[in-house]
Amino acid sequence: MTLPSAPAPASAPAPVPAPVPPLALRTRVTGGSPVRDILAVTARPEVINFAGGLPAPELFDREGVAAAFRHVLEETPGRALQYATTEGEPALRERLAARTAARGLPTSPDDLLVTTGSQQALSLLATALLDPGDTVLVEDPCYLAALQVFGLAGARVLAVPGDADGPDPRALADLVVRERPKLLYTVPTFQNPTGRTLSAERRAALASVAARHGLWIVEDDPYGELRYEGERVPWIAAHPDARDRTVLLGSFSKVLAPGLRLGWLRAPAELRRACVVAKQAADLHTPTVNQLAAARYLADTDLDAHVARVAGVYRERRDAMLAGLPGALPEGSAWNRPEGGMFLWARLPETYDTTALLPRVVQEDVAYVPGAPFHAGEPDRSTLRLCFVTQTPEEIGEGLRRLGKAFKGE
């Protein structure tokens, strides 16, 4: 006899997973890079892209860099592929110190910390100097990735009022007294995004404010060697008033190759040691093989001669852009003439919004970066940044023709 089977028990509802904890507040309130977003949109090869800040790849010294890597991998592979000290390879720091001293700023290898690009140097300084809620002063407009770093650190970022020559020293002094900031961040030579250069007088005045009122100055100099005309202006860090309170940042990204991810900072001892601790927590050290290859490159190659060749090409490209702008931008526009670097800054009549116009411009297979994201305070929506180094003069001419066509369609 078959017994009747018991009814199957009702299946219990599957438990609902609890949500994971939220992301850190700083990542939720700090936006991404509009420049990076634009580069993703304009990756099509037919787009003439004035938006990026990329050096011209055809000018990289591929043979010299390859020879340097071959040398270190063949001659010292055990060292090149091993862990290294956080401060950086002595051979590279020695050569960087010599280059810095030759440009008027006495420097020893122990004054330097090698970083994974100068962008990491900014992050290390933010870790070493800033607590959440601290105030940072910046130029207006300001390098966009610096605004990201300070935002992620939880800093309160204020723009220093200024003029075509840069931050106004009197306005800076007023802000320092009123807001008690930790630091002023500046790119005084061929600034990103404007391409402007602070005069020696303006630099001395900023150094004097820092000395009188107690302020760190972070002097970022990734473009300073790319001078096409005019005389070199000494670093703020070389000014007597600022030597004990200025951090100088440098990089190989614009003069050798950004893919090496090699930068450095020169800072007073106590702050430098704090940055070393921060770097130990971040990545232990910058890749050894890249550091040794760069040191070998500096030993075997005349980097100054290479930079001079690159600057000569970039000058032709700047001149091509300056020649084409009158026919491309709307009547009533204004722009500057940078003496070097990679960028040119333009302001359209105030009725134009360069952010709103960008989709129409991209439809013409050309791109720029709107100026609004570079402002820590109220944005100037009629401004835009143009990078002139990546395209040939012929491509620049065609890109400006497309740009003019997009603006005429407004």
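Residues numbered from 1 in each chain as written. Predicted model: local features only at pLDDT ≥ 70, side-chain atom pairs only at ≥ 80, totals over all residues. Heavy atoms only, no water.

### Topic: the sheet that holds strand β2 (residues 112-115)
Inference 1: Taken in spatial order, the seven strands make up an open sheet running β2-β10-β9-β8-β7-β3-β4, and their pairing is mixed. Of all strands in the sheet, those with a lone pairing partner are β2 and β4 (156-159), marking the two edges. Taken over all neighbouring pairs, the strand axes of this sheet differ in orientation by 20° on average, direction set aside.
Inference 2: Summarising the sheet, strand β8 (residues 216-220) and strand β9 (residues 246-251) pair through four bridges and their orientation is parallel. Counted as the bridge partner of V218 is V247 from β9.
Inference 3: The strands touched by helix α6 (residues 117-129) are β2, β7 (183-186), β8, β9 and β10 (263-266); relative to β9, the strand with the most contacts, the crossing angle is about 155°. (Pairing = 2+ DSSP bridges. Helix = DSSP H or I, 4+ residues; strand = E, 2+ residues; numbered from the N terminus. Axes fitted to C-alpha atoms, helices over the stretch in contact; angles between N-to-C directions. Contact = heavy atoms within 4.5 Å.)

### Observations concerning empty space enclosed by the protein
Inference 1: Counting across every chain of the model gives three cavities of 30 Å³ or more.
Inference 2: Of the pockets and cavities examined, the largest cavity occupies roughly 210 Å³.
Inference 3: In terms of lining, the largest cavity is formed by 17 residues, of which the most central are D221, E225, W235, G250 and W264.
Inference 4: Looking at the lining of the largest cavity, the elements with two or more residues in it are α5 (90-102) and β9.
Inference 5: With four residues, the single largest contributor to the lining of the largest cavity is β9.
Inference 6: Here the second largest cavity defines a volume of roughly 50 Å³. (1 Å grid on protein atoms, 1.4 Å probe; cavity = no way out; pocket = protein on both sides within 12 Å on 5 of 7 lines; lining within 4 Å. Points joined across faces, edges and corners; volume = space filled by probe spheres on them.)

### Examining the layout of surface pockets
Inference 1: The calculated volume of the second largest pocket comes to roughly 520 Å³.
Inference 2: As for the second largest pocket, its lining consists of 30 residues, and the residues nearest its centre are D163, A164, T194, R196 and W345.
Inference 3: For the lining of the second largest pocket, the secondary structure elements donating two or more residues are β5 (162-163), β6 (166-167), β11 (334-335) and β12 (343-347).
Inference 4: Sort the elements by how many residues they give to the lining of the second largest pocket and β12 lands first, with three residues.
Inference 5: Each residue belonging to the lining of the second largest pocket can be placed in one class, and the counts come to 12 nonpolar, seven polar and 11 charged. (Nonpolar A, V, L, I, M, F, W, Y, C, P; charged D, E, K, R; others polar.)

### Remarks on unusual backbone geometry
Most peptide bonds adopt trans geometry, and most residues besides glycine take a negative phi value.
Inference 1: A cis amide bond, omega 0°, links D140 with the succeeding residue P141.
Inference 2: Relative to the helices and strands, P141 is located in the loop between β3 (135-138) and α7 (144-152).
Inference 3: In this chain, N192 is followed by P193 through a cis amide linkage whose omega measures 25°.
Inference 4: By the element assignment, P193 lies in the loop between β7 and α9 (200-213).
Inference 5: The backbone phi angle of D365 is positive, close to 60°, even though this residue is not glycine.

### Points about the packing of helix α12 (residues 303-328) against helix α14 (residues 393-408)
The relative placement of two packed helices comes down to the angle between their axes together with the axis-to-axis distance.
Inference 1: For the pair α12 and α14, the least separation of the axes is 9 Å and the interaxial angle reads 25°. One element, α12, and the other, α14, form an angle in the roughly parallel class. As α12 packs across α14, the resulting crossing turns out to be right-handed. Facing α12, whose interface residues are E316, R317, A320, M321, G324, L325, G327 and A328, α14 presents P393, I396, L400, L403, G404, F407 and K408.
Inference 2: Within the contact of α12 with α14, the residues separate by chemical class into nine nonpolar, three polar and three charged. (Parallel < 35°, antiparallel > 145°, perpendicular 65-115°, else oblique. Left-handed = near helix turned anticlockwise from the far one by under 90°.)

### Here we look at the pairing of β7
Inference 1: The side-chain alternation of β7 yields two buried faces, one formed by L183 and Y185 and the other by L184 and T186.
Inference 2: Bridge count for β7 against β8 is four bridges, and the pairing is parallel. Each residue of the ladder has a partner; that of T186, found in β8, is E219. (Buried < 20%, exposed > 50% of the residue type's maximum accessible area, 1.4 Å probe, protein only.)

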